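The chain contents come next:
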Amino acid sequence: MRAWAKIRKLTGLMQKLRTALTAAILATAVTGAAAAQDRDDRYITGTISPPAASPGNAPEWSGESGASGHPLMTAPAIRAAAASFPICLERMWPAAARRGVSRETYHAVTASLTPDLRIMDLLDNQPEFTKSFWDYLDVLVTDVRIAKGRELLQKYRATFDAVEQAYGVDRYILAAIWGVETNYGTIGGDRPVVRSTATLACIGRRQNYFREEFLSTLEIIQRGDVRPDHLVGSWAGAFGPTQFMPTAFKRYAVDFDHDGRRDVVDSVPDLIASTANNLRKDGWVNGQTWGYEVVIPATLNFALADRRQAMTIREWERVGVVRPNGKAFARPDELAYLLVPAGIQGPGFLMLANFNAIMKYNPAEAYALAIGHLSDRLRGGERFAQDWPRYERVLSRNERLELQQLLSQQGYDIGDPDGHLGSKTRSAIRDFQGKIGQVPDGFASAEVLERLRAR
Ligand code: CA
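Residues numbered from 1 in each chain as written. Predicted model: local features only at pLDDT ≥ 70, side-chain atom pairs only at ≥ 80, totals over all residues. Heavy atoms only, no water.

Some details on the packing of helix H11 (residues 157–167) against helix H16 (residues 268–281)
Where H11 meets H16, the closest approach of the two axes is 10 Å, and the angle between their N-to-C directions is 30 degrees. When the interaxial angle is binned, H11 and H16 end up roughly parallel. Here H11 runs over H16; the crossing is right-handed. Side by side, H11 and H16 meet where Thr-159, Phe-160, Val-163, Ala-166 and Tyr-167 of the first sit next to Pro-269, Ile-272, Ala-273, Ala-276, Asn-277 and Arg-280 of the second. Each residue belonging to the contact of H11 with H16 can be placed in one class, and the counts come to eight nonpolar, two polar and one charged. (Axes fitted to C-alpha atoms, helices over the stretch in contact; angles between N-to-C directions. Helix = DSSP H or I, 4+ residues; strand = E, 2+ residues; numbered from the N terminus. Parallel < 35°, antiparallel > 145°, perpendicular 65-115°, else oblique. Left-handed = near helix turned anticlockwise from the far one by under 90°. Contact = heavy atoms within 4.5 Å. Nonpolar A, V, L, I, M, F, W, Y, C, P; charged D, E, K, R; others polar.)

Next up, the structure:
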């Protein structure tokens, strides 16, 4: 067994860390001007794992209706679906059979299966307090993680050589994904993927999506790619050191060590090559970086800082965006979008095609930036040159709702207040900041809230 597999069991400290980290990111990882859109669905279906239950004191389902208000998330609906869980499982058998799952396998996997209802709380989790972008980077890109990553790059050098050759994906990005997703396989969660995906396929508001994940899990078991008792992971069913969802496994996993099994949990060659294959198919451009740290001029039109508004590097230079070290950009015709997580007081980032490939792997910008930055540090690169506004407090969920209500009272169209600072809210904040003489960067600071309250 590999070293990282041996220490897969969570330590108390790591558990706490992951709990704080993932609970927060589920609500909103982003507090800045270029917040990620559509966060809820993509987080749920992505590779971010909320805390795994710790053995022995795993919390039970709260018994409460979910915060989403979805009819399938009410407490009675959850109880009713849980009661017919065995029937639901049996109904999926024909679909499993069509995928080559034997009756024997199906029976062995589902016979004594019970739903993990705690997942319903996690599915609708809306934490009150959230972390800042810089907190995520502090936690995910540490000296320890850099040292460990370099150690693994050295230890598996021959494998990384072969994978780079075969897939054209940078080894430092692969090691960084390994490091950010699970701290190199040490904090990936310990929920059985079969149970999690079966629960979500039969109960709650994402059944269609998770039916496919459950059936894909059965296929993995039928083929014997991964040891069934090692098929454990996040509550959403992501497993292995780089957190493959079962359907992503089907699309991307490869047998790089040629033993006949695509084992992304216990074979390092399979794990690294499968992750590389995933990135390549998601558009990774060989030999290029993910993006650049940039200095933002106060005169910038911050409406441009939006993932949907890519411009060429040359155009960004024209509006005053520069690199902090005075270096030139490599390819002026390349398209990039501008991410400004903390407004004018923090660093900006011009994101290239490879950042989009990382975002497809993990759709949370804070995580994707951590992956990019960790890869640079593993390569020997520097810390970001600019400071984050660490004195800024991240607004709580209630404060974000209040901010939206106050903006609405000021006549701004921000849609329905939902605590998510989307483009309408950010646009309203920018306009309001202009009125009160602040740099209109769209950053939802505590001061903006104070000034709105004083109106
Ligand atoms: Ca293999």
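Now that the structure has been shown, the text picks up again.
Re the coordination of the calcium ion
The protein atoms donating to the calcium ion are Asp-255 (OD), Asp-257 (OD), Asp-259 (OD), Arg-261 (O), Asp-270 (OD) and Asp-270 (OD), with metal-donor distances spanning 2.2 to 3.1 Å. Of note is the calcium ion, whose six donor atoms meet at the metal with angles of 46 to 163 degrees in an arrangement that counts as irregular. Each donor residue of the calcium ion belongs to the same chain, with the gaps between them written as D-x1-D-x1-D-x1-R-x8-D. (Donors = N, O, S within 2.8 Å, 3.2 Å for Na, K, Ca; no water. Tetrahedral: all angles 85-135°; square planar, octahedral: opposite > 155°, others 65-115°.)

A word on the environment of Asn-277
Of note, Asn-277 is situated in helix H16. Since its relative accessible area comes to 4%, Asn-277 is described here as buried. Along the primary structure Asn-277 and Tyr-252 are separated by 25 residues, whereas in three dimensions their C-alpha atoms are 5.9 Å apart. Setting aside its immediate chain neighbours within four residues, Asn-277 contacts Tyr-167, Arg-251, Tyr-252 and Val-254. (Buried < 20%, exposed > 50% of the residue type's maximum accessible area, 1.4 Å probe, protein only.)

What to know about the side chain of Thr-425
With respect to the element layout, Thr-425 can be found in helix H21 (residues 423–435). Among all residues touching Thr-425, those that are not within four sequence positions of it are Gln-404, Leu-407, Ile-414 and His-420.

A look at the state of the cysteines
This structure, assessed with the given rule, holds one disulfide. One disulfide bridge connects Cys-88 with Cys-202, the sulfur atoms lying 1.9 Å from each other. Where Cys-88 bonds to Cys-202 through sulfur, the torsion about that S-S bond is close to -85 degrees, and the disulfide is left-handed. Taken together, the residues span a long stretch of sequence, with Cys-88 in helix H5 (residues 85–91) and Cys-202 in helix H13 (residues 193–202) at a distance of 114 residues. (Disulfide = S-S within 2.5 Å.)

What about the layout of surface pockets?
Estimated volume of the largest pocket: approximately 490 Å³. Among the elements of the structure, strand E3 (291–294) and helix H19 (365–378) are those that each provide at least two residues to the lining of the largest pocket. For the lining of the largest pocket, the leading source of residues is E3, giving three residues. Within the lining of the largest pocket, the residues separate by chemical class into five nonpolar, six polar and seven charged. The volume enclosed by the second largest pocket comes to roughly 280 Å³. Around the second largest pocket, the lining comprises 13 residues; the ones closest to its centre are Asp-138, His-373, Arg-383, Trp-388 and Arg-390. Mapped onto the lining of the second largest pocket, the elements with two or more residues apiece are helix H9 (133–140) and H19. Grouping the constituent residues of the lining of the second largest pocket by class yields four nonpolar, three polar and six charged. (1 Å grid on protein atoms, 1.4 Å probe; cavity = no way out; pocket = protein on both sides within 12 Å on 5 of 7 lines; lining within 4 Å. Points joined across faces, edges and corners; volume = space filled by probe spheres on them.)

Focus: H13
Burial analysis of H13 places nine of its 10 residues in the buried class, the great majority of the element. Of the positions making up H13, those classed as buried are Val-193, Val-194, Ser-196, Thr-197, Ala-198, Thr-199, Leu-200, Ala-201 and Cys-202. Gly-204 occupies a position one or two residues after H13 and carries a positive phi of about 95 degrees.

Observations regarding H9
Buried residues dominate H9, accounting for six of its eight residues. Along H9, the positions that sit buried rather than exposed are Phe-133, Trp-134, Tyr-136, Leu-137, Val-139 and Leu-140.

Comments concerning the nonpolar core
In this structure, Phe-214, Phe-239 and Leu-369 are the most contacted members of the largest nonpolar core, which totals 102 residues. Among the elements that line this core, the one with the most residues is H19, at eight residues. Counting residues in each nonpolar core, the second largest holds 17 residues, with Leu-304, Phe-329, Leu-338 and Val-340 among its members. (Core = buried A, V, L, I, M, F, W, Y, C linked by side-chain atoms within 4.5 Å.)

Topic: the sheet that holds strand E4 (residues 311–312)
Sheets are built from strands paired through backbone hydrogen bonds, the pairs being either parallel or antiparallel. Strand order in the open sheet formed by four strands is E3-E6-E5-E4, with antiparallel pairing between adjacent strands. The strands lining the two open edges of the sheet, one partner per strand, are E3 and E4. By the bridge criterion, four bridges tie E3 to strand E6 (residues 348–351) in an arrangement that is antiparallel. Looking at the pairing, Glu-293 lines up with Phe-349 of E6. (Pairing = 2+ DSSP bridges.)

Let's talk about the pattern of salt bridges
Tallied over the full model, the rule gives 30 salt bridges. For the salt bridge of Asp-263 with Arg-261, the shortest nitrogen-to-oxygen distance reads 3.3 Å. Taking the relative accessible area as the measure of exposure, Asp-263 reaches 3% and is therefore buried. Judged by its relative accessible area of 26%, Arg-261 is partly exposed. In this structure, Arg-393 engages Glu-399 in a salt bridge whose closest nitrogen and oxygen atoms are separated by 3.0 Å. Residue class for Arg-393 comes out partly exposed when judged on its relative accessible area of 43%. For Glu-399, a relative accessible area of 15% puts it in the buried group. (Salt bridge = Lys/Arg side-chain N within 4 Å of Asp/Glu carboxyl O.)

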